[in-house]
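A closer look at the structure
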Amino acid sequence: YGTAEFVGCLSECEYGNLHEDFECGHIEIIPTDDSYTKKMIQTGWGNPAMPFIRYNIGDTVKPKDGKCPCGRESKIFEDLSGREEDYIITPNKGKLMGLSQVFNKAKNVIQMQAEQKTINSVNLKIVPSKNFEKSDLDILLKEFSRRSGNTLKINILILDKIELPKGSKYKPVINKIKNK
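The structure presented is a predicted model; accordingly, all values stated were derived computationally and were not measured.

Rules used throughout
Residues numbered from 1 in each chain as written. Predicted model: local features only at pLDDT ≥ 70, side-chain atom pairs only at ≥ 80, totals over all residues. Heavy atoms only, no water. Helix = DSSP H or I, 4+ residues; strand = E, 2+ residues; numbered from the N terminus. Buried < 20%, exposed > 50% of the residue type's maximum accessible area, 1.4 Å probe, protein only. Contact = heavy atoms within 4.5 Å. Areas by Shrake-Rupley, 256 points an atom, 1.4 Å probe, with all protein chains shown as cover. Lys, Arg positive; Asp, Glu negative; His and termini not counted. Charge placed at Lys NZ, Arg CZ, Asp CG, Glu CD. 1 Å grid on protein atoms, 1.4 Å probe; cavity = no way out; pocket = protein on both sides within 12 Å on 5 of 7 lines; lining within 4 Å. Points joined across faces, edges and corners; volume = space filled by probe spheres on them. Core = buried A, V, L, I, M, F, W, Y, C linked by side-chain atoms within 4.5 Å. Pairing = 2+ DSSP bridges. Axes fitted to C-alpha atoms, helices over the stretch in contact; angles between N-to-C directions. Expected span 1.5 Å × (residues − 1).

Summing up its helical and strand segments, the protein has two helices and 12 strands in all. Judged by the C-alpha coordinates and their principal axes, the protein covers about 50 × 40 × 35 Å. A burial count over the protein gives 37% of its 180 residues as buried. Relative to all contacts within the protein whose residues are 6 or more apart in sequence, the contacts with residues 24 or more apart total 53%. Only carbon and sulfur atoms are counted for the fraction: they give 51% of the accessible area of the protein, which is about 11,200 Å². Computed over 28 positive and 24 negative side-chain charges, the separation of the two mean positions in the protein equals 7 Å.

Attention shifts here to the layout of surface pockets. Of the voids in this model, the second largest pocket is the one considered here, and its volume is about 150 Å³. Every residue lining the second largest pocket is listed: Ser100, Phe103, Asn104, Ala106, Val109, Ile110, Gln111, Met112, Tyr170 and Pro172. Elements supplying a minimum of two residues to the lining of the second largest pocket: helix H1 (100-103) and strand S9 (109-118). In terms of residue count, S9 provides more of the lining of the second largest pocket than any other element does, four residues in total.

Moving on, we get to the nonpolar core. In this structure, Ile88, Leu99, Met112, Ala114 and Phe144 are the most contacted members of the largest nonpolar core, which totals 18 residues. Looking at this core, the elements that each hand over two or more residues are H1, S9, strand S10 (121-128) and helix H2 (134-148). Apart from residues lying up to four places away in sequence, Leu99 is in contact with Ile88, Ala114, Phe144 and Val173. Within the second largest apolar cluster, six residues are counted, among which are Leu18, Ile27, Met40 and Phe77.

Before going further, it helps to examine unusual backbone geometry. Phi at Arg54 is positive, roughly 55°, even though this residue is not glycine. Relative to the assigned elements, Arg54 resides in the loop between strand S4 (38-44) and strand S5 (55-63). Positive phi values are uncommon outside glycine, yet Lys93 reaches one of about 75°.

Across the sheet, which stays open at both edges, the four strands sit in the order S11-S10-S9-S12 with mixed pairing between neighbours. This sheet does not close on itself; its edge strands, each paired only once, are strand S11 (153-158) and strand S12 (173-175). Sheet twist, expressed as the average angle between the axes of neighbouring strands with direction ignored, equals 20°. Here S9 pairs with S12 via three bridges, running parallel. Among the inter-strand pairings, Ala114 is bridged to a residue of S12, identified as Val173. Across the sheet, H2 is in contact with S9, S10 and S11; its angle to S11 comes to roughly 150°.

Let us look at the pairing of S9. Of the pairings in the sheet, the one linking S9 to S10 comprises seven bridges and is antiparallel in character. From the neighbouring strand, Met112 faces S10, where its bridge partner is Ile126. In sequence, S9 turns back onto S10 through a hairpin of two residues.

This brings us to the environment of Pro128. Along the polypeptide, Pro128 turns up in strand S10. Leave out the neighbours within four places in its chain, and Pro128 touches Asn108, Val109, Ile110, Ile158 and Leu159.

Here H2 contains 15 residues, and its C-alpha end-to-end distance of 21 Å stays within 8% of the 21 Å for a straight helix at 1.5 Å per residue. Residues of H2 that are buried: Asp136, Leu137, Leu140, Glu143, Phe144, Ser145 and Ser148. Where H2 is buried, its residues meet strand S7 (88-89), strand S8 (95-96), H1, S9, S10 and S11. One or two steps after H2, the chain reaches Gly149, where phi turns positive at roughly 70°.

Another point: the environment of Gly149. Here Gly149 shows up in the loop between H2 and S11. A relative accessible area of 48% places Gly149 in the partly exposed class. Sequence separation between Gly149 and Asn92 is 57 residues, and the spatial gap between their C-alpha atoms is 9.8 Å.

Pasting the structure below:
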């Protein structure tokens, strides 16, 4: 587990436990209404110019008591729940999440959004920069296809800007399929 903001990292050991990688930052555990699940508040060491201090990223964990048989001395967790976000559904009912990693591959894009209205296809909306080239599009299609297992038809829409619903914030993924 890692964050795009580089504030925290967890690694799974050979015993299936998630260990805090304290070289990346510090994870503070805060109680929630659920006595078992805890909120992660993270402080990252990754950006000295603008560090994230006590950043509530919205992820939760289930801490595990005791020591791990692997011998690592860091905090251990048995489960992690990520932020609520929309995802793309593939025809075989798989879920594509974390698409910001795909979007970050294209350097000459101002803004991008994946919108799904049917189970078999996705609209990839792109606002290109003046340096946008076919190679940027090829990279996006390759990464998106690789993650979807080539199961989705990808419709490319080149736009001047991505319109947001009134009073809404930008969302990189919008899934309009009913009863996901």
